[in-house]
Amino acid sequence: ARLAQHRPVFDAWVAQGLHAGMDYLPRMAEDRYHPDRKLPEVKSAIVLAAWYGYEQKNCSTGHGKVSRYAGGRDYHKVLKKKLIALSDWLKAQEPGCETFVSVDSGPTVDRVLAECAGLGFFGKNSLLINPSRGSYFLIGSVLTTLALTPTAKPPMPNCGNCTRCAVACPTGAIGKNGVIDANRCISYLTIENKGSIPVELRPKIGNRVFGCDICQEVCPFTLGRATQQTVLIAELKPDAGVGESLDLAELLSIRTDEAFLKRFAGTPLMRAKRRGLLRNACVVAGNSGEPMLIPHLERILDEESDEMLKEHATWAIARLKKID
């Protein structure tokens, strides 16, 4: 459980402003790269992967696509319950041992831990890629004071000369050697971003209303693997949550935070909040070519007080009416 040596790469990324509005990342860096700050006597990390890949159907007209990982229930809660069960089992086997559980949002760099543990290699899209199964997996970890025997790290391939992910990214967010510009990443723009989506990037978002899988879909290590995966955890399946896509008219008609909560509680879409999801729906509606969505966009102009939402709705209406 030693990660400090990976810190300079992160610091260089932040220094270039590539973390966009995610200011919490540098604030948490000390904890993330020094696991002993959360578990002082930490000796080992148990790192686990939860597969979620499935073959998505074509997104229907008037709908917005949801990233695969977000189609089911909130994976933070689903996986954390399982990691706590593992933690409790460890403590039963070795009374006196201590643990700390993390699933993505916790103050550990689970992706780096997973690479150190041999679960995969970092691809040019910055994702951790398992050479035999691709990148459709979530990561969880259990830090422990037990001195466990390290798993032998298998030899890993690399991306070689392949640049499919960089070429396919509509917004040009993927730079050289896995350096991602979050300012241009569709996943950042539609989830973590709390402000306006840059006008020049809106058409490139296409029908993606929450997150993006393009750089995974074109990856040779992942291509065709979605149909071969078995989603072992039922709660991560899209039929357990919001599904593969969302009706734009329905999204644009969510008038209150209470209605948003009723529809999306317990799912990853809570991260964007009502404001963010409506903003995204406006952009995707503007890209849809569906004039039937104009009344729903006009409802936002009439009823919403948020100027950001009004601006995005105005942009979408103009696109649908083909007004420059």
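The paragraphs below set out a description of the structure included in this document. Small disclaimer: the values here were computed from a predicted structure and weren't measured.

**Observations regarding unusual backbone geometry**
Item 1. Phi is positive for Ala 20, close to 55°, though the residue is something other than glycine.
Item 2. Here Ala 20 falls in the buried class, since its relative accessible area comes to 14%.
Item 3. At Ser 126, a position not held by glycine, the phi torsion is positive, near 75°.
Item 4. Tracing the chain through its elements places Ser 126 in the loop between strand 4 (121–122) and strand 5 (128–129).

**Re the environment of Val 179**
Item 1. Among the secondary structure elements, Val 179 is positioned in the loop between helix 6 (164–168) and helix 7 (186–192).
Item 2. When the C-alpha positions of Val 179 and Gly 123 are compared, they lie 9.9 Å apart, and in sequence the two are 56 residues distant.
Item 3. For Val 179, the residues in contact, after removing those within four places along its chain, are Trp 13, Leu 18, Ala 173 and Ile 174.

**Considerations on the pattern of salt bridges**
Item 1. One pass over the full model with this rule turns up 17 salt bridges.
Item 2. When the shortest N-O distance is used, the salt bridge between Glu 244 and Lys 57 registers 3.2 Å. Here Lys 57 lies in the loop between strand 1 (44–51) and strand 2 (63–66) and Glu 244 lies in the loop between helix 9 (214–217) and strand 8 (245–247), a separation of 187 residues in the sequence.
Item 3. Arg 299 is the salt-bridge partner of Glu 304, the closest N and O atoms lying 3.1 Å from each other. Per residue, the accessibility class of Glu 304 equals that of Arg 299, and both read buried.

**Digging into helix 13 (residues 294–303)**
Item 1. Looking only at helix 13, the buried set comprises Ile 294, Leu 297, Arg 299 and Ile 300.
Item 2. In this fold, the buried residues of helix 13 make contact with helix 10 (248–252), helix 12 (273–288) and helix 14 (307–320).

**Section: the environment of Gly 211**
Item 1. Here Gly 211 is to be found in the loop between strand 7 (208–210) and helix 9.
Item 2. Taking the C-alpha atoms as reference points, Gly 211 and Leu 251, 40 residues apart in sequence, are found 16 Å from one another.
Item 3. Look past the residues within four positions of Gly 211 in its chain and what remains in contact with it is Ser 67, Ile 186, Ser 187, Thr 190 and Ile 191.

**Here's the deal with the sheet that holds strand 3 (residues 99–102)**
Strand pairs in the sheet, formed through backbone hydrogen bonds, run parallel or antiparallel to each other.
Item 1. Taking strand neighbours across the sheet as the criterion, the three strands line up as 1-6-3 in an open arrangement whose pairing is antiparallel. Pairing within the sheet leaves two strands with one partner each, and these edge strands are strand 1 and strand 3. Ignoring strand direction, the axes of neighbouring strands in this sheet form an average angle of 20°.
Item 2. Sheet analysis places strand 1 next to strand 6 (residues 137–144), joined by eight bridges and oriented antiparallel. Bridge pairing links Ala 49 to Ile 139 in strand 6.
Item 3. Helix-sheet contacts for helix 4 (residues 75–93) involve strand 1, strand 3 and strand 6, and the interaxial angle to strand 3 is about 165°.

**A look at the packing of helix 12 against helix 13**
Item 1. Running from N to C, helix 12 and helix 13 cross one another at 140°; their axes reach a closest spacing of 11 Å. Taken together, the axis directions place helix 12 and helix 13 in an arrangement best described as oblique. The handedness of the crossing between helix 12 and helix 13 is left-handed. Listed contacts from helix 13 to Leu 278, Cys 282 and Ala 285 of helix 12 are Leu 297, Arg 299 and Ile 300.
Item 2. Its residues assigned to classes, the contact of helix 12 with helix 13 shows five nonpolar, no polar and one charged.

What counts as what
Residues numbered from 1 in each chain as written. Predicted model: local features only at pLDDT ≥ 70, side-chain atom pairs only at ≥ 80, totals over all residues. Heavy atoms only, no water. Buried < 20%, exposed > 50% of the residue type's maximum accessible area, 1.4 Å probe, protein only. Helix = DSSP H or I, 4+ residues; strand = E, 2+ residues; numbered from the N terminus. Contact = heavy atoms within 4.5 Å. Salt bridge = Lys/Arg side-chain N within 4 Å of Asp/Glu carboxyl O. Pairing = 2+ DSSP bridges. Axes fitted to C-alpha atoms, helices over the stretch in contact; angles between N-to-C directions. Parallel < 35°, antiparallel > 145°, perpendicular 65-115°, else oblique. Left-handed = near helix turned anticlockwise from the far one by under 90°. Nonpolar A, V, L, I, M, F, W, Y, C, P; charged D, E, K, R; others polar.

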